[in-house]
Amino acid sequence: MVSVAINGYGTIGKRVADAVAAQKDMKIVGVSKTRPDFEARMALKKGYDLYISIPEREKLFQEAGIEISGTVEDMIDEADIIVDATPEGIGAKNLKMYREKGIKAIFQGGEKHEDIGLSFNSFTNYDDSLGADYTRVVSCNTTGLCRTLKPIDDLCGIKKVRAVMVRRAADPAQVKKGPINAIVPNPPTVPSHHGPDLKTVMYGININTVALLVPTTLMHQHNIMVELENPVDIEEIKEELNKTSRVMLVKASEGLASTAEIMEYARELGRPRNDLYEIAVWEESLNIVDGELYYMQAVHQEADAVPESVDAIRALLELEEDNKKSIEKTNKAMGIL
Ligand SMILES: NC(=O)C1=CN([C@@H]2O[C@H](COP(=O)(O)OP(=O)(O)OC[C@H]3O[C@@H](n4cnc5c(N)ncnc54)[C@H](O)[C@@H]3O)[C@@H](O)[C@H]2O)C=CC1
Ligand SMILES: O=C(OP(=O)(O)O)[C@H](O)COP(=O)(O)O
């Protein structure tokens, strides 16, 4: 059983911690916090040893009566691998420390591909991270694109993709982010960074994306148009997506006509934090017009890329050479369809 530490126990970090703890071949040996808040108390309640990323704040934790086991450097000494889930750009700064400590590390999508040198998705390029020292799990939006474009490409080939990424402005708990009442071209430049980001894990795919921020916190929504290489029937596409792991077809006609209703469905599934790991594709949106495939999907940004971090641990530590077997193990432990 390998020992995993989480540097940055936040939205993604705490979810990855629970996902790792659910696996049979790995365990959590520590998580790091910057301040003694309710998340720190929850981490201890879950049995995770707590480490501090800002040593000068040790007194704050003591005054709060929150037991800590040391600094991030101490935590690294206990682990076989680090999952860095710090805010965008901080992971790249931590890379120097990981190198000096000689520990493998997995980063998240807020880091730049060029800063880490390798990016990861369980379905598209797992093998390239086998035995690597560092890799970067692509962001929630790019993960969402991978999950549906990969099976479509395998089925009938993709000539070109255009996608409009309607992104949530903030996560539900992020009270300082917006917009509250505006639609923001973000980035205002076209194409957005999502196309190049997808190419770091789906090599050579021809894609251009446009991205917006809208005042919602629940999910991202994607509008995808695919010029297909070879003719295919829409029922074949539906069948392929229906059997694709970490993807689910939903029907607006059955009350799942919005991101809000999809998240209500996620609550019915009863996973931790009502998370939806699967990419939800509106079945009614799937259509082929003049040889071009159209479809719409929704992405639970807080959760969809979390299982990929678990698979990345197996790849870097060479616990499983076959991505399909890792995906199966991760899914089984997390109750993913
Ligand atoms: N929130 C989302 O929807 C998604 C986020 N990501 C990526 O995941 C990464 C983490 O993002 P979130 O979990 O949303 O951020 P977050 O802000 O929720 O959590 C970050 C955690 O790191 C801690 N932290 C801050 N500075 C630190 C430092 N120097 N050392 C150690 N810990 C530190 C914070 O206190 C916080 O607990 C980013 O790269 C982000 O782009 C990827 C997919 C979706
Ligand atoms: O939108 C996201 O990534 P993206 O920039 O790849 O679209 C992620 O949800 C992270 O965004 P955040 O930095 O607003 O949390």
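Thresholds, definitions, all that
- Residues numbered from 1 in each chain as written.
- Chains lettered and ligands numbered in written order.
- Predicted model: local features only at pLDDT ≥ 70, side-chain atom pairs only at ≥ 80, totals over all residues.
- Heavy atoms only, no water.
- UniProt positions renumbered as here; feature names shortened; annotations may be inferred.
- Helix = DSSP H or I, 4+ residues; strand = E, 2+ residues; numbered from the N terminus.
- Rg over C-alpha atoms; globule rule 2.2 N^0.38 Å.
- Buried < 20%, exposed > 50% of the residue type's maximum accessible area, 1.4 Å probe, protein only.
- Contact = heavy atoms within 4.5 Å.
- Areas by Shrake-Rupley, 256 points an atom, 1.4 Å probe, with all protein chains shown as cover.
- Lys, Arg positive; Asp, Glu negative; His and termini not counted.
- Charge placed at Lys NZ, Arg CZ, Asp CG, Glu CD.
- Near = heavy atom within 4 Å.
- Polar contact = N/O pair within 3.5 Å; in protein donor to acceptor, adjacent residues only side chain to side chain.
- Patch = residues over 30% accessible without salt bridge, like charges linked within 9 Å, V, L, I, M, F, W, Y side chains within 5 Å.
- Salt bridge = Lys/Arg side-chain N within 4 Å of Asp/Glu carboxyl O.
- Axes fitted to C-alpha atoms, helices over the stretch in contact; angles between N-to-C directions.
- Parallel < 35°, antiparallel > 145°, perpendicular 65-115°, else oblique.
- Left-handed = near helix turned anticlockwise from the far one by under 90°.
- Core = buried A, V, L, I, M, F, W, Y, C linked by side-chain atoms within 4.5 Å.
- Expected span 1.5 Å × (residues − 1).
- Bend = angle between axes of the 7 residues up to and from the residue.

For the protein chain, an unreviewed UniProt entry supplies the name Glyceraldehyde-3-phosphate dehydrogenase and the organism Methanothermobacter tenebrarum. Regarding the protein chain, the UniProt comment filed under Subcellular location (unreviewed entry) reads as follows: "Cytoplasm". Word for word, the UniProt comment on the protein chain under Pathway (unreviewed entry) is "Carbohydrate degradation; glycolysis; pyruvate from D-glyceraldehyde 3-phosphate: step 1/5."

Peer 1: In this structure, what is going on with the overall build of the protein chain? I would like to understand it.
Peer 2: Secondary structure summary: the protein chain contains 12 helices and 16 strands in total. Taken over C-alpha atoms, the radius of gyration comes to 20 Å for the protein chain, in line with the 20 Å a tight globule of 337 residues would show. Along the longest, intermediate and shortest principal axes, the C-alpha atoms of the protein chain span 65 × 45 × 40 Å. By residue count, 54% of the 337 residues in the protein chain fall in the buried class. Sequence separation of 24 or more characterises 71% of the internal contacts of the protein chain that already satisfy a separation of 6 or more. By element, 50% of the accessible surface of the protein chain is carried by carbon and sulfur atoms, the whole surface being about 14,800 Å². Averaging the positions of the 40 positive and the 53 negative side-chain charges in the protein chain gives two centres separated by 4 Å.

Peer 1: Looking at this structure, how should I read the site of ligand 2?
Peer 2: Taken together, E88, S139, C140, N141, R167, R168, K177, H193, H194 and H220 make up the full set of residues near ligand 2. At a separation of 2.6 Å, an oxygen atom of ligand 2 approaches a polar side-chain atom of N141. With respect to ligand 2, the side chain of R168 contributes an N or O atom lying 2.8 Å from an oxygen atom. Burial of ligand 2 by the protein amounts to 72% of the accessible area it has alone, namely 390 Å².

Peer 1: Even after reading the chapter, I still don't get a negative patch on the surface, so can you show me in this structure?
Peer 2: A cluster of acidic residues, D49, E67, E73, D74 and E78, forms a negative patch on the protein surface. By the secondary structure assignment, D49 is in the loop between helix 2 (38–45) and strand 3 (50–52). Assessed through its relative accessible area of 38%, D49 is described here as partly exposed.

Peer 1: What should I look at first to understand the packing of helix 1 (residues 11–21) against helix 11 (residues 306–316) in this one?
Peer 2: Each pair of packed helices can be described by the angle between their axes along with the distance between the axes. The geometry of helix 1 relative to helix 11 is characterised by a closest axis approach of 9 Å and an angle of 55° between their N-to-C directions. By the criterion of interaxial angle, the relationship of helix 1 to helix 11 is oblique. As helix 1 packs across helix 11, the resulting crossing turns out to be right-handed. Mapping the contact onto sequence places R15, V16, A19 and V20 in helix 1 and V306, S309, V310 and I313 in helix 11.

Peer 1: Explain the pattern of salt bridges to me, please; I cannot follow it from the model alone.
Peer 2: Side-chain pairs of opposite charge can arise whenever the charged atoms involved come near each other. With the rule as written, the count across this model stands at 26 salt bridges. Linking R136 and D197 is a salt bridge whose minimum nitrogen-to-oxygen distance equals 2.6 Å. Taken together, the residues R136 in strand 8 (residues 134–137) and D197 in helix 8 (residues 194–199) connect sequence positions 61 residues apart. Just as R136 is buried, D197 falls in that class too. Across the pair K150 and D154 runs a salt bridge, and its minimum N-O distance is 2.9 Å. Of this pair, K150 and D154 are both found in helix 7 (residues 140–156), four residues apart, which corresponds to roughly one turn of the helix. Residue D154 is classed as exposed on the basis of its relative accessible area, which comes to 51%.

Peer 1: Would you mind going over the side chain of T86 with me for this structure?
Peer 2: Mapped onto the secondary structure, T86 falls in the loop between strand 5 (81–84) and helix 5 (90–101). Relative accessible area serves as the criterion here: at 16%, T86 is assigned to the buried category. Within the structure, T86 has its side chain in polar contact with the side chain of D84 (distance 2.5 Å). A polar side-chain atom of T86 sits 3.2 Å from the main-chain amide nitrogen of G91. If we skip the residues at most four places from it in the chain, T86 touches N7, G8, G91, N94 and E111.

Peer 1: Mind showing me how you'd approach the nonpolar core here?
Peer 2: Across soluble globular proteins, nonpolar side chains have a tendency to be buried as a group. One finds V4, I6, V20, I28, V31, I106 and I313 to be the most contacted residues of the largest nonpolar core, which totals 38 residues. Per-element tally for this core: the top contributor is helix 11, with six residues. Those residues within four positions of V31 in sequence are excluded, and the remaining contacts are I6, Y9, A17, A43, Y48, D49, L50, Y51 and M75. Grouped together as the second largest cluster of nonpolar side chains are 29 residues, A163, M202, V232 and I237 included.

Peer 1: Would you explain helix 7 in this entry?
Peer 2: Given 3.6 residues to a turn, an α-helix orients residues that are three or four positions apart in the same direction. Over its 17 residues, helix 7 extends 25 Å from the first C-alpha to the last, a length consistent with the 24 Å expected when each residue adds 1.5 Å. At L149, helix 7 shows its largest kink, close to 30°, and the proline P151 lies no more than four residues downstream. Of all 17 residues making up helix 7, 13 are buried, and the element is well covered by its neighbours.

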